[in-house]
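Reading the structure
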Amino acid sequence: MAESAINKNFPSQVVSDFEKVSYEYGLKVAKAIEGEWFSDSAGRNRYAGAHDEFHKLRLYARGEQSIQKYKDELAINGDLSYLNLDWKPVPIIPKFVDIVVNGISERTFDIKAYSQDPNGVSKRTDYMQSIIDDMQAKSFNDDVKQKFGIDLFQNDPETLPNDEDELALHMQLNYKQSIEIAEEAAINTLLEGNRYELTRKRINYDLTVLGIAAVKTDFNTSEGVTVSYVDPANLVYSYTESPYFDDIYYVGEVKNIPVNELAKQFPHLSQEELEEIVSKHNSTNHQRGGMTKYDNNHVTVLYFNYKTYMNEVYKVKETGTGASKAITKDDTFQAPEDATDYSALRRSVECLYEGALVLGTEKLLKWEMAKNMMRPKSDMTRVKMNYSICAPRMYNGKIESLVSRVTGFADMIQLTHLKLQQVMSRMVPDGVYLDADGLAEIDLGNGTNYNPQEALNMFFQTGSVIGRSMTADGELNHGSVPIKEITSGSGGNKMSSLINTYNYYLQMIRDVTGLNEARDGSTPDAKALVGIQKMAAANSNTATRHILNSGLFLTAEVCEALCLRISDVLEYSPTADAFIQQVGAHNAATLEEMTDLHLYDFGIFLELVPDEEERAMLENNIQQALQQGNIDLEDAIDLREIRSVKLANQMLKVRRKRKLKRDQEMQQANIQAQAQANQQSAQAAAQAELQKEQMKAEISSGLAQQQVQLDIQRLQGEAEIKKQLMELEFQYQMQLADINAKSNTRKEKYKEDRKDDRTKIQATQQSELIDQRASGKAPKNFESAGNDILGGFDLGSFDPK
């Protein structure tokens with residue numbers, strides 16, 4: 001396929017749109033494609049060569065390759081009469097193909113639709129701004145809600161991110177517009193309706209075996225949007241060196257369809273035209289590329305897409321009100337140079353034509369501009385073809401596959417297997433050598449002869465043999481050991497050598513494909529550690545990563561095409577309501593959004609579900625974080641539910657940072673609480689001590705007061721007693737004074753009455769006084785001694801004078 005050159009018989013694209021849409025132009029395009037692929041200028045059939053090459057690779061992938069080359073290798077001048085071998089190929093390659101294909105097919109993915117039109121971007125920006133506003137005003141909003149009961153939050157405050165990293169993860173994990181959900185539901189519905197999972201397995205098989213895969217998306221009013229598998233062996237396309245075929249300008253496929261299907265697909269064909277097509281097609285059966293398995297009631301038709309451009313021309317005229325009015329014109333319209341009131345506006349846009357040609361004839365069944373062309377809304381001047389193709393290992397047009405790398409080694413394994421059969425067929429069992437002359441010299445002593453049969457019976461039954469070293473004449477007996485074993489050991493060495501050769505080529509297949517023992521199901525090395533085996537399996541997955549990526553690329557292309565097709569269905573197809581109901585059966589919330597789906601532009605990408613190795617690495621990170629206390633159990637549950645390992649690791653870092661911050665805050669809070677508790681304890685101790693001192697002071701004060709009161713009471717009692725004593729003393733003094741007064745009165749009376757006795761009385765008193773002084777006794781004093789003094793105040797001053 002790499003040696004084919006660009007065919008120069010294609011019609012020029014620099015012609016008018018009127019000419020491009022003509023039947024003659026389409027026939028030239030179809031015949032040019034036929035000439036390039038079925039009989040080029042050098043007379044080579046490019047289609048047949050590619051078809052035979054793909055057929056050979058598929059046979060190798062099934063373990064059913066042709067055995068003629070092996071017969072030619074072992075035959076002598078074509079003679080195989082002496083070879084009795086099992087020529088069935090050893091199915092080595094199918095195991096490796098199944099390992100790759102099944103491993104890739106098990107990798108599931110989620111389809112994500114990202115709204116990238118201005119409306120969707122505006123919604124996303126507004127939501128993000130509301131989150132930022134709530135983050136910045138969180139403390140203020142909390143205070144307002146706590147004090148006044150007014151909720152100023154635009155979003156749930158419990159789920160608000162704490163920083164920009166958490167905000168980025170929140171937008172990726174939690175934010176989803178309803179229109180995006182509707183788009184994802186619509187794409188999944190179309191894929192399930194077309195059983196794309198089965199098509200995907202065939203695509204992965206083709207990528208592994210052939211190195212190229214293709215899928216087609218189409219639309220018709222009866223079936224709606226369809227996704228169909230395309231056999232790369234039936235594919236035709238313009239020359240390209242891009243593995244993604246993004247620069248081809250025509251692509252198509254060859255189909256052998258029965259005549260009744262032809263009449264159903266093209267109802268405009270008359271009976272005579274059908275008969276003419278069948279007769280001309282059968283006369284040029286060589287155009288089928290050697291595909292003789294179809295009978296005469298089948299017709300080989302080439303369906304193709306041809307990409308060119310068309311001119312959109314508008315006559316821009318000024319109206320009387322000063323506005324401009326655009327009128328559609330054909331591409332031949334030219335505005336005169338002297339025109340002042342109008343002008344021509346022109347632009348070139350890509351367009352797609354669809355055609356169908358009966359190979360080997362001049363009958364063009366279909367040539368028209370494609371309806372509902374897929375145009376990305378980001379660039380309406382471009383158009384996408386119905387076919388999505390990928391060949392990840394293509395160079396200069398030559399395609400390489402995993403199977404094409406190992407076909408030579410598979411041939412050598414098959415030849416080694418046949419050689420092993422030859423060696424086994426030519427190997428003979430061990431035998432014995434019997435010397436009859438040596439037996440003739442042996443006398444058993446019982447009158448019987450020692451014949452060869454008896455010697456063999458004795459040897460096989462007992463393992464013993466009788467011999468003589470000397471003959472009857474006394475000479476040396478050269479047949480002293482009459483029976484000797486004959487071993488044929490050369491066959492074992494040959495078999496060991498062939499088995500080593502077999503293992504060598506098997507290892508070469510592993511080395512070339514990257515499918516080591518850790519992945520191909522062989523017995524692992526008993527000395528290898530588990531981690532080494534996992535690393536080997538991971539390296540093997542890396543060796544075939546390009547096949548997985550190619551399959552995902554085709555799936556993403558299909559999803560993008562379906563996205564554009566959905567817009568056409570909703571806007572133009574009469575089955576729009578039925579399609580909306582079909583999608584709504586899975587997700588009723590999308591019904592309202594689906595009606596406006598054609599107004600949006602989406603970016604489609606696939607989120608690959610991590611494999612076991614990636615899951616194990618993530619789980620290891622989660623377990624380490626849990627053991628170290630960096631995350632909580634709730635965080636681990638949330639992390640395990642994230643299907644993207646990259647996002648899960650980012651979330652792990654964010655949750656770990658949040659947990660560390662929360663632990664620091666809790667630690668500081670504990671420190672503050674401890675300090676506050678210590679302070680409160682100190683305050684309580686000081687307060688208790690103060691209260692103790694206060695109580696002591698109060699007790700002392702109370703005691704002092706009580707003592708004062710007691711003293712006052714004592715003084716009061718003492719004063720009362722003294723008062724009573726003073727009163728009694730006063731009374732006594734008064735009585736005494738009265739007595740004295742009376743006495744003086746009596747004295748004066750007695751003076752007068754008895755002056756005679758005065759001298760006697762005075763003498764008596766003087767006598768008594770002298771007696772008292774002589775006896776040393778003082779006169780008796782009736783005054784109170786110090787008892788009339790109260791607080792330094794002497795009551796003696798109140799004595800009567």
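Model, not experiment: these values are computed from the prediction.

On a plain count of helices and strands, the chain comes out with 24 helices and 17 strands. The contacts of the chain with a sequence gap of at least 6 include a subset with a gap of at least 24, amounting to 72%. Looking at the chain as shown, the accessible area adds up to about 47500 Å², and 51% of this sits on carbon and sulfur atoms.

Now for the packing of aromatic side chains. All chains considered together, the criterion is met by 16 aromatic pairs. By way of ring pairs, the aromatic residues Phe10, Tyr25, Tyr249, Tyr250, Phe304, Tyr306, Tyr353 and Trp367 are connected into one cluster. The positively charged end of lysine 71 is found above the aromatic ring belonging to tryptophan 87, 5.7 Å away from the centroid.

The next thing to look at is the nonpolar core. Ile33, Ile187, Ile212, Tyr237, Tyr306 and Ile389 are the most contacted members of the largest nonpolar core, which totals 112 residues. Here the element with the most residues in this core is helix α18 (residues 545–572); it accounts for twelve residues. Not counting chain neighbours up to four residues away, the residues in contact with isoleucine 389 comprise Ile212, Ala213, Ala214, Leu235, Pro243, Tyr244, Phe245, Ile248, Val251, Phe553 and Leu554.

Inspection of the entire model under this criterion finds 28 salt bridges. Across the pair glutamate 197 and arginine 200 runs a salt bridge whose closest N-O atoms are separated by 3.4 Å. In this pair, glutamate 197 and arginine 200 are both assigned in helix α10 (residues 196–209), three residues apart and thus about one turn of the helix distant. Its salt-bridge partner being lysine 363, residue glutamate 273 comes within 3.2 Å of it at the nearest N-O pair. Of the two residues, glutamate 273 sits in helix α12 (residues 271–283) while lysine 363 sits in the loop between β8 (342–358) and β9 (364–369), which places them 90 residues apart along the sequence. Each of the salt bridges in this network shares a partner with another, and the network as a whole consists of Arg124, Lys176, Glu180 and Glu184.

Let's shift gears to the sheet that holds strand β3 (residues 224–230). Pairing is antiparallel across the open sheet formed by three strands, whose spatial order is β3-β2-β10. The strands lining the two open edges of the sheet, one partner per strand, are β3 and β10 (387–390). This sheet shows a mean twist of 15 degrees between the axes of neighbouring strands, independent of strand direction. Here strand β2 (residues 213–220) pairs with β3 via seven bridges, running antiparallel. Its bridge partner being in β3, threonine 217 is matched across the sheet by valine 227. Its contacts with the sheet place α10 against β2, β3 and β10, and it is angled at close to 150 degrees to β2.

Next up on the list: the side chain of asparagine 155. On the secondary structure map, asparagine 155 appears in the loop between α7 (138–148) and α8 (164–173). Assessed through its relative accessible area of 16%, asparagine 155 is described here as buried. Among the polar contacts made by the side chain of asparagine 155, one reaches the side chain of serine 130 at a distance of 3.3 Å. Side chain to side chain, asparagine 155 and aspartate 134 meet in a polar contact 2.8 Å long.

Take the packing of helix α3 (residues 46–62) against helix α13 (residues 402–426) next. It is the contact of α3 with α13, at a shortest axis distance of 10 Å, that shows an interaxial angle of 60 degrees. Viewed along their axes, α3 and α13 adopt a mutual orientation that is oblique. Every pair of crossing elements has a handedness; the one defined by α3 and α13 is left-handed. Contact residues: Leu57, Tyr60 and Ala61 in α3; Val403, Ser404, Thr407, Ala410 and Asp411 in α13. Taken together, the residues of the contact of α3 with α13 sort by class into five nonpolar, two polar and one charged.

On to the confidence of the model for the chain. Averaged over all residues, the pLDDT of the chain is 79; the fraction at 70 or higher stands at 82%. Confidence drops under pLDDT 50 across residues 286–291; counting only partners more than four residues distant or on other chains, this segment forms 20 contacts. Low confidence marks residues 526–539, where pLDDT is under 50. Its contacts with residues over four positions away, or in another chain, come to ten contacts.

Next up on the list: the pairing of β9. Sheet topology note: the β8/β9 ladder contains five bridges and is antiparallel. Paired with leucine 357 across the strands is leucine 364, a residue of β9. Here β8 folds back onto β9 in antiparallel fashion, the turn holding five residues, of which glycine 360 has a positive phi close to 85 degrees.

Located in the positive-phi region is arginine 195, a residue other than glycine, with phi close to 55 degrees. Within the secondary structure, arginine 195 sits in the loop between α9 (178–193) and α10. Exposure remark for arginine 195: the relative accessible area of 57% places this residue in the exposed category. A positive phi angle is found at phenylalanine 245, which is not glycine, with a value near 55 degrees. Take phenylalanine 245: its relative accessible area is 6%, and that puts it in the buried class.

Attention now moves to the packing of helix α5 (residues 93–105) against α13. Where α5 meets α13, the closest approach of the two axes is 11 Å, and the angle between their N-to-C directions is 160 degrees. The orientation of α5 with respect to α13, classified from their angle, is roughly antiparallel. Judged by the twist between their axes, the crossing of α5 over α13 is right-handed. Touching Ile93, Val97 and Val100 of α5 are Leu402, Val403, Val406, Thr407 and Ala410, all from α13. In terms of residue class, the contact of α5 with α13 is made up of seven nonpolar, one polar and no charged.

Now for the environment of methionine 458. Within the secondary structure, methionine 458 sits in helix α15 (residues 452–462). When its relative accessible area of 29% is taken as the criterion, methionine 458 is described as partly exposed. Setting aside residues no more than four positions away along its own chain, methionine 458 makes contact with Tyr450, Gly463, Ser464 and Ile466.

This brings us to a nonpolar patch on the surface. A cluster of nonpolar residues, Phe140, Phe148, Ile150 and Leu152, forms a patch on the protein surface that exposes about 440 Å² of accessible area. Within the fold, phenylalanine 140 resides in helix α7. Phenylalanine 140 sits in the exposed class, given a relative accessible area of 51%.

Quick look at the side chain of arginine 565 now. Note on placement: arginine 565 falls in helix α18. Setting aside its immediate chain neighbours within four residues, arginine 565 contacts Thr217, Asp218, Phe219, Val225, Lys371, Asn372, Met374 and Asn386.

Time to look at the environment of isoleucine 327. Of note, isoleucine 327 is situated in strand β7 (residues 324–329). When its relative accessible area of 30% is taken as the criterion, isoleucine 327 is described as partly exposed. Linking isoleucine 327 and lysine 317, residues ten residues apart in sequence, is a C-alpha distance of 7.8 Å. Filtering out sequence-adjacent residues up to four positions away, isoleucine 327 remains in contact with Val313, Tyr314 and Lys315.

Rules behind the numbers
- Residues numbered from 1 in each chain as written.
- Predicted model: local features only at pLDDT ≥ 70, side-chain atom pairs only at ≥ 80, totals over all residues.
- Heavy atoms only, no water.
- Helix = DSSP H or I, 4+ residues; strand = E, 2+ residues; numbered from the N terminus.
- Contact = heavy atoms within 4.5 Å.
- Areas by Shrake-Rupley, 256 points an atom, 1.4 Å probe, with all protein chains shown as cover.
- Phe/Tyr/Trp six-rings, centres within 6.5 Å; stacked < 30°, edge-to-face > 60°.
- Lys NZ or Arg CZ within 6 Å of the ring centre and 35° of its normal.
- Core = buried A, V, L, I, M, F, W, Y, C linked by side-chain atoms within 4.5 Å.
- Buried < 20%, exposed > 50% of the residue type's maximum accessible area, 1.4 Å probe, protein only.
- Salt bridge = Lys/Arg side-chain N within 4 Å of Asp/Glu carboxyl O.
- Pairing = 2+ DSSP bridges.
- Axes fitted to C-alpha atoms, helices over the stretch in contact; angles between N-to-C directions.
- Polar contact = N/O pair within 3.5 Å; in protein donor to acceptor, adjacent residues only side chain to side chain.
- Parallel < 35°, antiparallel > 145°, perpendicular 65-115°, else oblique.
- Left-handed = near helix turned anticlockwise from the far one by under 90°.
- Nonpolar A, V, L, I, M, F, W, Y, C, P; charged D, E, K, R; others polar.
- pLDDT = per-residue confidence, 0-100.
- Patch = residues over 30% accessible without salt bridge, like charges linked within 9 Å, V, L, I, M, F, W, Y side chains within 5 Å.

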